[in-house]
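Chain and residue survey
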Amino acid sequence: MKSIKVQKLSVEKFAKYGSFAALIHPEAETTGPKDASIVFYRDMVQQELFGSNPSFSTCRMKPRPLVIDAGEYHNHTCEVSMPLNGDALVWVAPADCSKSVPMDKIEVFYVPCGTLLSIRPGVWHHAAFALDKKPLDVMIVLPERAYVNDCVCLAVPKAEQRKIQL
């Protein structure tokens, strides 16, 4: 019987078949500094779906206070996320027409590692919270460049911020 030798995965060797990215230990471009509390490794892998190109990205959250101090939503797309290396806390609030995060409508959910979420268009949310004392990597799936052309992100004034209670 003939044999086939296993080879190390590399961009050069795999390019003719597709693309890949290390979502748990990313080495990709970010939308901000790599030493920030929340780091978004953008557009790491694309999947073509008849004209729409979802991008698979990693968002790394360092442990931080359980305080909701910012919110975002996307008008035209769902955001899919999945904690890859730990459990997470995720907050959401219903889609509405307000010009500020609807703080009194927020709900917070415990999301076990490996659980895939799909957040509908317009639903308020923001980066997950790590529950351990180590950084949490979360896979994010959005259309390519949605963080630039379909993302409304607002800071929450200090007096209106909410602390998450475990």
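The paragraphs below set out a description of the structure included in this document.

Thresholds applied
Every chain begins its residue count from 1, and numbering advances along the sequence as written. Restriction of local features to residues with pLDDT of at least 70 applies here, the model being predicted, together with a cutoff of 80 or more for giving and counting side-chain atom pairs; totals for whole chains, interfaces and linings are based on all residues. Calculation of side-chain values draws on the structure's entire complement of heavy atoms; hydrogens and water are dropped beforehand. Comment: elements are numbered from the N terminus, with helices defined as DSSP H or I runs of at least four residues and strands as E runs of at least two. Here the term buried applies to any residue with accessible area under 20% of the maximum for its type, exposed to any over 50%, and partly exposed to those in between, with areas from a 1.4 Å probe on protein chains only. We call two residues contacting when some pair of their heavy atoms lies within 4.5 Å. Working convention for charge: Lys and Arg count positive, Asp and Glu count negative, and His plus the chain ends are omitted. Note on charges: their place is set at NZ of Lys, CZ of Arg, CG of Asp or CD of Glu. Put simply, a patch holds well-exposed residues, over 30% relative accessible area, that have no salt bridge, with like charges counted together within 9 Å and Val, Leu, Ile, Met, Phe, Trp or Tyr side chains within 5 Å. In this description, accessible areas are obtained by the Shrake-Rupley approach with a 1.4 Å probe, and a residue is regarded as covered only by the protein chains that are shown. Whenever Lys or Arg places a side-chain nitrogen within 4 Å of a carboxyl oxygen from Asp or Glu, that contact is recorded as a salt bridge.

Next up on the list: the overall build of the protein. Scanning the protein for helices and strands turns up 2 helices and 13 strands. For the protein, the spread of C-alpha atoms along the principal axes amounts to about 70 × 40 × 30 Å. Taking all 166 residues of the protein together, 40% fall into the buried category. Considering only contacts within the protein whose residues lie at least 6 apart along the sequence, 72% involve residues at least 24 apart. Of the charged side chains in the protein, 19 are positive and 18 negative; the average position of the first set lies 7 Å away from that of the second.

The next subject is a nonpolar patch on the surface. Where nonpolar side chains cluster on the molecular surface, the patch consists of Leu 9, Val 11 and Phe 20 and spans about 270 Å² of accessible area. Tracing the backbone through its elements, the reader meets Phe 20 in the loop between α1 (11-14) and β1 (38-46).

Let's shift gears to the pattern of salt bridges. In this structure the tally under the stated criterion is 4 salt bridges. A salt bridge links Arg 42 to Glu 29, with the nearest nitrogen and oxygen atoms 2.5 Å apart. With Arg 42 in strand β1 and Glu 29 in the loop between α1 and β1, the pair connects residues that are 13 residues apart, well separated along the chain.

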